[in-house]
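# Descriptive analysis of the structure
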Amino acid sequence: MRNCEILFWLTIVTLMVPNVMLDITEGMSQWACVANILLPLGIYTLLMSISRKPGKMTWWLFPYIFFAAFQVVLLYLYGEGVLAVDMLLNVVTTNVSEATELLDGILPAVLIVCVLYLPPLGMAVANIRSNHILDNNFICKIRGIGGVITVAGLLSVATAYLSDPTFRMLNNVFPLNVTYNLYLAVERSWISAHYQERVADFRFDAVAIHPHDSAEVYVMVIGETARSKNFSLYGYHRDTNPMLTTLISDSSLIVFRDVRTESNTTHKSVPMLLTSASASDYSALYREKGIIAAFKEAGFHTSFISNQLPNHSFIDFLGMEADSCLFIKEAERAKDNVSDMELLPIVKDILEKGRKKEFIVLHTYGSHFKYNERYPRNMAHFLPDNESQAKYENRQQLVNAYDNTIRITDKFLYELSSILSSSACQSAWLYTSDHGENIYDDNRNKFLHASPNPSEYELRVPLLAWTSASYRSAYPDIIRALRSNSDKCVSTSISFFHTMLEMGGIKTKNLDLTKSLAGRDYKVQPRLYLNDHNEAVTK
């Protein structure tokens, strides 16, 4: 077989690898599986036969080679799932530092895609530079075969629609589904980029109902990748919360026991925490400002301080609504492993300004992978914790490192409480995480978060409320409500925004008291999840 014919078939075979894998992992009906093989195979065959130089067509199909490689990596991480809109958005909202950390951790997957996809690309370059072309007879024969396979593929699609009511070509046939998801990702990126224009005239009509002369500080702490399963506050067998546990005995800390998020992705979960948007009304994000703007309207000085890099997403735009917006990892510190503890001196500086009303949002880096880089070595309590490569065989060390990140979060929140207690203000903080994490818990192939089919480990998150003695004395009804609601089912995506408003004494047209945990009118909401196409589904 001539080299250009080898290249022809090698390109098609490597492009079809994800289709074969998805037929195995996705549990589709028989005809859906057949359609997922025959239709792409026929189309790839016809496309590769357009030019007598297969190297040209290999490179013309490079976007689909990239999708195929990305899909293989996704299946390595999660063991299932099609390359989703959220994963594509992660590409444009993840900074270089995060991407490098992840690639280092999934080296086997990177090597697999290199072995699969670099040879045809290299052979394609050599073919383009050579004089070798496909024989006309070969081209004619292949076009006939490709046409027959394509027709068979279309018939299998029709049969799949007739026999399987759940079948959708844009959902079940690779790479048509990825192409559609790419369109949705571009659309969402455009909406995000024009957010500030759309909400320019929006107002909460917010007013403060607490006494005008009282000194108040409220802090929203948004964690990263922290799952409640690994908090000893939630019954974990390891002592990961030695400091926060002491705050329960003095009645300053309230732990909400049954909590979930409505998204396992940062770029959707955090905006829902900062706004009234939720899975059932995610479009509110496109037409309203965030909680920072509400406190600002009510006369508070507002600050947004992040230990994550800006990525031109809704998170950035909502943060920039504050009087002071600071990303502590920008510029020369962009590549550093900056500890969340460095946020605390900034909080101290804000309080030393002596303003009566302060509202602060802290966006931490928490338990983001690589776990063992989120804390100083002298704080490594659970050992060994050196292995960071994403392999099931490393699970115990990964868990050790992850648990160390929870202990650092414990220390961070405890010291935040101390700072606020030492001020002369009525103060409170509310903490949750954007989502959890899967550390090979229920599947040897399931790791990290953002899986198109999220596990409980990615959705169950902590929710903690701390209040100062002066706050508890001034607002006993709120404390009673928080305690009364602490054992009820809670969605952070629904309640975080409304609870913080009520705790801060902010009255606004957007406050829904049935969603606030700080009031007696709280009602348990349906448990929903925002899927990849931004549809609210039961989870």
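The structure this text deals with has already been given above.
Now for a quick tour of the structure. Note that the structure is a prediction, hence the values are computed from the model and not measured. (Residues numbered from 1 in each chain as written. Predicted model: local features only at pLDDT ≥ 70, side-chain atom pairs only at ≥ 80, totals over all residues. Heavy atoms only, no water.)

With that settled, the discussion passes to the side chain of glutamate 437. In this fold, glutamate 437 is placed in the loop between strand 8 (426-433) and strand 9 (438-439). Here glutamate 437 sits buried without a salt bridge, and the closest side chain of opposite charge, arginine 227, lies 7.6 Å off (N-O distance). Here histidine 449 takes part through its side chain, which lies 2.7 Å from a polar atom of the side chain of glutamate 437. (Helix = DSSP H or I, 4+ residues; strand = E, 2+ residues; numbered from the N terminus. Buried < 20%, exposed > 50% of the residue type's maximum accessible area, 1.4 Å probe, protein only. Lys, Arg positive; Asp, Glu negative; His and termini not counted. Salt bridge = Lys/Arg side-chain N within 4 Å of Asp/Glu carboxyl O. Polar contact = N/O pair within 3.5 Å; in protein donor to acceptor, adjacent residues only side chain to side chain.)

A general trend in soluble globular proteins is that nonpolar side chains are found buried together. Counting 69 residues, the largest nonpolar core has Leu362, Trp429, Phe447 and Leu464 as the members making the most contacts within it. The biggest single contributor to this core is helix 17 (residues 395-422), with 11 residues. The residues contacting leucine 362, other than those within four sequence positions of it, are Val219, Met220, Val221, Ile222, Ile305, Leu343, Val347, Phe412 and Leu416. If you look at the next biggest cluster of nonpolar residues, it comprises 59 residues, including Ala277, Leu285, Ile478 and Leu511. (Core = buried A, V, L, I, M, F, W, Y, C linked by side-chain atoms within 4.5 Å. Contact = heavy atoms within 4.5 Å.)

Let us look at the sheet that holds strand 2 (residues 216-223). Taken in spatial order, the seven strands of this open sheet run 3-11-8-2-7-5-6, and their pairing is mixed. One side of each edge strand has no neighbouring strand; the edge strands of this open sheet are strand 3 (253-256) and strand 6 (324-327). The sheet shows a mean angle of 10 degrees between the axes of neighbouring strands, taken without regard to direction. Here helix 13 (residues 266-274) sits on the sheet in contact with strand 2, strand 7 (357-363) and strand 8, set at roughly 165 degrees to strand 2. (Pairing = 2+ DSSP bridges. Axes fitted to C-alpha atoms, helices over the stretch in contact; angles between N-to-C directions.)

What follows is about the pairing of strand 11 (residues 463-467). The buried count for strand 11 comes to five of five residues, which makes it a mostly enclosed element. Residues Leu463, Ala465 and Thr467 line one face of strand 11 and the alternating positions Leu464 and Trp466 line the opposite face, and both faces are buried. Taken together, the four bridges between strand 3 and strand 11 define a ladder with antiparallel strand orientation. Across the sheet, leucine 253 pairs through a bridge with tryptophan 466, a residue of strand 11.

What follows is about the packing of aromatic side chains. Inspection of the entire model under this criterion finds 30 aromatic pairs. Summarising the aromatic geometry, the rings of phenylalanine 8 and phenylalanine 138 are spaced 5.3 Å apart at their centres and angled 85 degrees between planes, so their arrangement reads as edge-to-face. Placement of the pair is phenylalanine 8 in helix 1 (residues 3-25) and phenylalanine 138 in helix 8 (residues 136-163), with a sequence separation of 130 residues. Look at phenylalanine 8 and you get buried, because its relative accessible area is 0%. With centroids separated by 6.0 Å and ring planes inclined at 50 degrees, the aromatic side chains of tyrosine 218 and phenylalanine 300 adopt a geometry described as tilted. On the criterion of sequence distance, the pair formed by tyrosine 218 in strand 2 and phenylalanine 300 in the loop between helix 14 (291-297) and strand 5 (301-306) is long-range, its members being 82 residues apart. Summarising the burial analysis for this pair, tyrosine 218 and phenylalanine 300 share the class buried. (Phe/Tyr/Trp six-rings, centres within 6.5 Å; stacked < 30°, edge-to-face > 60°.)

Once that is clear, we can look at helix 1. Between the first and last C-alpha of helix 1 there are 33 Å, a value that for 23 residues agrees with the 33 Å anticipated at 1.5 Å per step. Largest kink in helix 1: about 35 degrees, centred on methionine 16, with the proline proline 18 one to four residues after it. Once helix 1 ends, the next one or two residues include glycine 27, with phi positive near 65 degrees. (Expected span 1.5 Å × (residues − 1). Bend = angle between axes of the 7 residues up to and from the residue.)

Taken together, the side chains of Trp59, Phe62, Phe66, Val125 and Ile128 make up a nonpolar region of the molecular surface, amounting to roughly 400 Å² of accessible area. For the nonpolar patch, the secondary structure elements donating two or more residues are helix 4 (62-78) and helix 7 (107-129). As for its placement among the helices and strands, valine 125 is situated in helix 7. The class of valine 125 is partly exposed, set by a relative accessible area of 31%. (Patch = residues over 30% accessible without salt bridge, like charges linked within 9 Å, V, L, I, M, F, W, Y side chains within 5 Å. Areas by Shrake-Rupley, 256 points an atom, 1.4 Å probe, with all protein chains shown as cover.)

Where side chains of opposite charge bring their charged atoms close, a pairing between them can arise. According to the stated counting rule, one finds 17 salt bridges in the structure shown. For arginine 203, the salt bridge goes to glutamate 297, with nearest N and O atoms at 3.5 Å. Of this pair, arginine 203 sits in the loop between helix 11 (195-198) and strand 1 (207-208) while glutamate 297 sits in helix 14, placing them 94 residues apart in sequence. In this structure, glutamate 415 and lysine 411 form a salt bridge, with 2.7 Å as the shortest nitrogen-oxygen distance. Of this pair, glutamate 415 and lysine 411 both sit in helix 17, separated by four residues, roughly a single helical turn. A cluster of three or more residues bridged by salt bridges with shared partners is formed by Asp258, Arg260, Glu456, Arg460 and Arg527.

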